[in-house]
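# Coordinate analysis (summary)
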Amino acid sequence: MSFNDLRREYQHFDFEGFFASLTNRDIYDILEKNRLNELDYLALLSPKGGEHLEELAQKAHRLTVQNFGKVILLYTPLYLANHCVNQCVYCGFQAGNQLTRKKLLPEEVAAEAQLIASTGLKHILILTGESRKETPVSYIKECVEILRDYFTSISIEIYPLTVEEYAELIAAGVDGLTIYQEVYQEDVYAALHPGGPKRNYLFRLDAPERACSAGIRTVNVGALLGLHEWRSEGFFTGLHANYLQSKFPAAEVSISPPRLRPYEGSGYPFIQVQDRELVQYILAYRLFMPRGGLTISTRERAFLREHLVKLGATKMSAGSCTAVGGRFDSEATEQFAISDERNVAEMAQMLYEQGYQPIYKDWQY
C-alpha cells in the first residue's frame, strides 16, 4: 500500500456534505478525545470547527508543551541553484521566467556556510530548482560534503529522487527531506504543472516514502496553500504525515503550512487563505498529530509567527534568503518574497521574551 491508495479513498468524498452535518456537540466530543481519527481531524478543519478556535488553541498549546517542551528549533535555507526545467505557474524560478540563472561554486557554498554558521545555526536546508543537468545528485553531494564542516544537520528540498539516490545523499551527510506535494488534488496539480518532470504527480507523491525507505531521519511534507481549497489540502497533508509516521515510526515527521507569496512574474490567481484559517489548520493538525513536527517559515509575517510559537510550532526559519547567493548579492532574484526578515539573534530574542528556548542544534550526524 502507498499513500496514494489512502488518498484515493477520499478522492470523491463529499467534503461539503460532511461539513454541513457537523454540530457543536460533535466538536466538543472530539475535543474530549485523546486520539483522533481521520474524520475527527477533518471535522476540526470544518467551518464548524472554526467556531471553536479558543478551545482548540488551549488544547494545542497543552499538547505541544507536553510533547516538545517550550523550545523552537531554528534553521535557515541555503539556495544552491535556480536552474529549473519545470513550468510551475506559481514559482519565480519556473523555466519560462527570464532571470539570471546561477549555481553556486564550491567556494561560494563554503562562503555562504561560513556566514550562516557565524550566527550559531547548526541546522540548514539546501534547495535547488529541478534540473538534473545543472544540479545533478553528484553536485548536491559535493555541496553536502562541504556543508558537513559547518552544520550538524543538513536537509534537502530538491527534486524527487529514487531510493538509491536518497541513500547516496544520506551516506554523504543528509539527514532530512522537505518536499511539498504543492497540491493534492490531482487534476488541479496537472493544470498547475503544464510541463517538465514535476508533472509526474505520483513520483512526487511517493518521494517521502522512498526517502524513509532509504533511512532518512526527518521528513517534512505539505501543500502550498493558495493553490486550491485549503481545508481539503490541509486534510490530505495531515493524512500524508500520519501515514508516514505510522509506516516509518523511526522517522521524525513534520508538516509545513506555507502560504503562496509574491514572486517574480507573479500572475497566478491564487486563493487567499486568511490568518484565522491558517491558525485553524495548525491547531487541528496539532490535535490530530500531538507528536508531529510543525515548521513555520518566513513566508509568514513576524506578528503572526510570534503568536504561532505557543500554538503548535516546533521549528522556525531565521535569517532567510530565497535567492541563490543572495546573502552576498542583493540583486539576485528571489524564488519568492519573504515576510519576516528578522535575523537569528532577533528571532532568539523574541523566543526568550515568550519564555521559550531557541535550539540551534538537536542532532549530530
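The following paragraphs examine the structure supplied in this document. (Residues numbered from 1 in each chain as written. Predicted model: local features only at pLDDT ≥ 70, side-chain atom pairs only at ≥ 80, totals over all residues. Heavy atoms only, no water.)

## A closer look at the overall build of the protein
Within the protein, the secondary structure is distributed over 15 helices and nine strands. Its C-alpha atoms give the protein a radius of gyration of 20 Å, near enough to 21 Å, the size a compact globule of 365 residues would have. Considered along the principal axes of its C-alpha atoms, the protein spans approximately 60 × 45 × 40 Å. Counting every position in the protein, which comprises 365 residues, the buried fraction comes to 58%. Of the roughly 14,800 Å² that the protein leaves accessible, carbon and sulfur atoms contribute 49%. The distance from the centre of the 37 positive side-chain charges to the centre of the 46 negative ones in the protein is 3 Å. (Helix = DSSP H or I, 4+ residues; strand = E, 2+ residues; numbered from the N terminus. Rg over C-alpha atoms; globule rule 2.2 N^0.38 Å. Buried < 20%, exposed > 50% of the residue type's maximum accessible area, 1.4 Å probe, protein only. Areas by Shrake-Rupley, 256 points an atom, 1.4 Å probe, with all protein chains shown as cover. Lys, Arg positive; Asp, Glu negative; His and termini not counted. Charge placed at Lys NZ, Arg CZ, Asp CG, Glu CD.)

## Some details on helix H8 (residues 163-172)
Every buried residue of H8 is accounted for by Glu165, Tyr166, Leu169, Ile170 and Ala172. On an axial view of H8, the arc spanned by its buried residues comes to 160 degrees, and they lie on one face. What points out from H8, more than 90 degrees from its buried face, is the exposed set Glu164 and Ala171. Following H8 by one or two positions, Gly173 has its phi on the positive side, about 135 degrees. (Arc of directions from axis to C-beta.)

## Structural notes on the pattern of salt bridges
Pairs can form between side chains of opposite charge whenever their charged atoms are close. Under the definition given, this model contains 16 salt bridges. With its nearest N and O atoms 3.1 Å apart, the salt bridge here joins Asp29 to Arg25. Within this pair, Asp29 and its partner Arg25 are both found in helix H3 (residues 24-31), separated by four residues, close to a single helical turn. For Asp29, a relative accessible area of 38% puts it in the partly exposed group. Look at Arg25 and you get partly exposed, because its relative accessible area is 49%. Linking Glu252 and Arg217 is a salt bridge whose minimum nitrogen-to-oxygen distance equals 3.4 Å. With Glu252 in strand S6 (residues 252-255) and Arg217 in the loop between helix H11 (207-214) and strand S5 (218-223), this pair connects stretches of sequence that are 35 residues apart. (Salt bridge = Lys/Arg side-chain N within 4 Å of Asp/Glu carboxyl O.)

## With respect to the side chain of Arg7
Mapping Arg7 onto the fold places it in helix H1 (residues 3-9). In terms of polar contacts, Arg7 uses its side chain to reach the side chain of Tyr201, at 3.2 Å. Not counting residues within four places of it along the chain, the set of residues in contact with Arg7 comprises Tyr184, Glu186, Tyr201, Leu205 and Phe236. (Polar contact = N/O pair within 3.5 Å; in protein donor to acceptor, adjacent residues only side chain to side chain. Contact = heavy atoms within 4.5 Å.)

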